[in-house]
Amino acid sequence: NTKYVKGLIDTLQALLDKWIVSGSMPTRRRAWNILQQIDRLSTDKELVQQAERMIKRAMMPLDPPPHMPPTEHIPAVDQPSSQQQQPANVIHKPMGAMATSSDGKDRKEE
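The following paragraphs examine the structure supplied in this document.

Calculation rules
- Residues numbered from 1 in each chain as written.
- Predicted model: local features only at pLDDT ≥ 70, side-chain atom pairs only at ≥ 80, totals over all residues.
- Heavy atoms only, no water.
- Helix = DSSP H or I, 4+ residues; strand = E, 2+ residues; numbered from the N terminus.
- Buried < 20%, exposed > 50% of the residue type's maximum accessible area, 1.4 Å probe, protein only.
- Contact = heavy atoms within 4.5 Å.
- Areas by Shrake-Rupley, 256 points an atom, 1.4 Å probe, with all protein chains shown as cover.
- Expected span 1.5 Å × (residues − 1).
- Axes fitted to C-alpha atoms, helices over the stretch in contact; angles between N-to-C directions.
- Parallel < 35°, antiparallel > 145°, perpendicular 65-115°, else oblique.
- Left-handed = near helix turned anticlockwise from the far one by under 90°.
- Arc of directions from axis to C-beta.

This brings us to the overall build of the chain. Assigned secondary structure in the chain consists of 3 helices and 0 strands. Moving toward the C terminus, one meets the helices and strands of the chain in the order α-α-α. A buried classification covers 23% of the 110 residues belonging to the chain. In the chain, once contacts between residues fewer than 6 apart in sequence are set aside, the share between residues at least 24 apart is 63%. Looking at the chain as shown, the accessible area adds up to about 9,000 Å², and 54% of this sits on carbon and sulfur atoms.

Across its 17 residues, helix H2 (residues 25-41) extends 24 Å between first and last C-alpha, which sits within 8% of the 24 Å expected from 1.5 Å per residue. Every buried residue of H2 is accounted for by Thr27, Arg28, Arg29, Ala31, Trp32, Ile34, Leu35 and Ile38. Residues of H2 that are buried make contact with helix H1 (2-22) and helix H3 (45-57).

The next point concerns the side chain of Arg28. Of note, Arg28 is situated in helix H2. When its relative accessible area of 10% is taken as the criterion, Arg28 is described as buried. If we ignore the near neighbours within four places in the chain, the residues touching Arg28 are Trp19, Met60, Pro61, Asp63, Pro64, Pro65 and Pro66.

Right, let's talk about unusual backbone geometry for a bit. We note that Met59 has phi near 65°; this positive angle belongs to a residue other than glycine. Here Met59 is to be found in the segment after H3.

The next subject is the packing of H1 against H2. Relative to each other, H1 and H2 sit at 160°, their axes nearing to 9 Å. Considered as vectors, H1 and H2 are oriented roughly antiparallel to each other. Note on packing geometry: the crossing formed by H1 with H2 is left-handed. Every residue of H2 that contacts H1 at Tyr4, Val5, Leu8, Ile9, Thr11, Leu12, Leu15, Leu16, Lys18, Trp19 and Ser22 is listed here: Thr27, Arg28, Arg30, Ala31, Ile34, Gln37, Ile38 and Leu41.

Here we come to H3. Taking 1.5 Å per residue, 13 residues should reach 18 Å; H3 reaches 18 Å between its end C-alpha atoms and fits that length. Looking at H3, one finds that the buried residues are Leu47, Val48, Ala51, Met54 and Ile55. End-on, the buried residues of H3 take up no more than an arc of 120°, which puts them together on one face. Relative to its buried face, H3 has exposed residues pointing more than 90 degrees away, namely Lys56 and Arg57.

This is the structure:
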């Protein structure tokens with residue numbers, strides 16, 4: 001358990017470094033989620049305090065970040081997307097050895 005939590009702390013450190021540089025809200029949300037995981041899984045409260053100190057030193061607020069607005073939502077790979085359907089006006093032209101020339105005759109290798 002301690003080894004797994006230390007791995008989470010390493011991940012949190014990398015996210016905090018990224019957050020210090022960018023200040024982006026998605027990075028803050030990921031760091032907050034990692035902190036919640038550490039708090040939930042750790043049997044050693046010292047590791048939880050260490051993670052909280054890391055967040056304080058990075059000047060990231062300890063309060064939960066705002067929820068992700070619906071405009072930022074990106075569907076997962078296995079979720080259907082409305083963009084995957086091809087429009088009806090797409091023309092599929094054959095390519096390669098099966099293609100015919102403009103006069104309708106089959107192409108022959110020279």
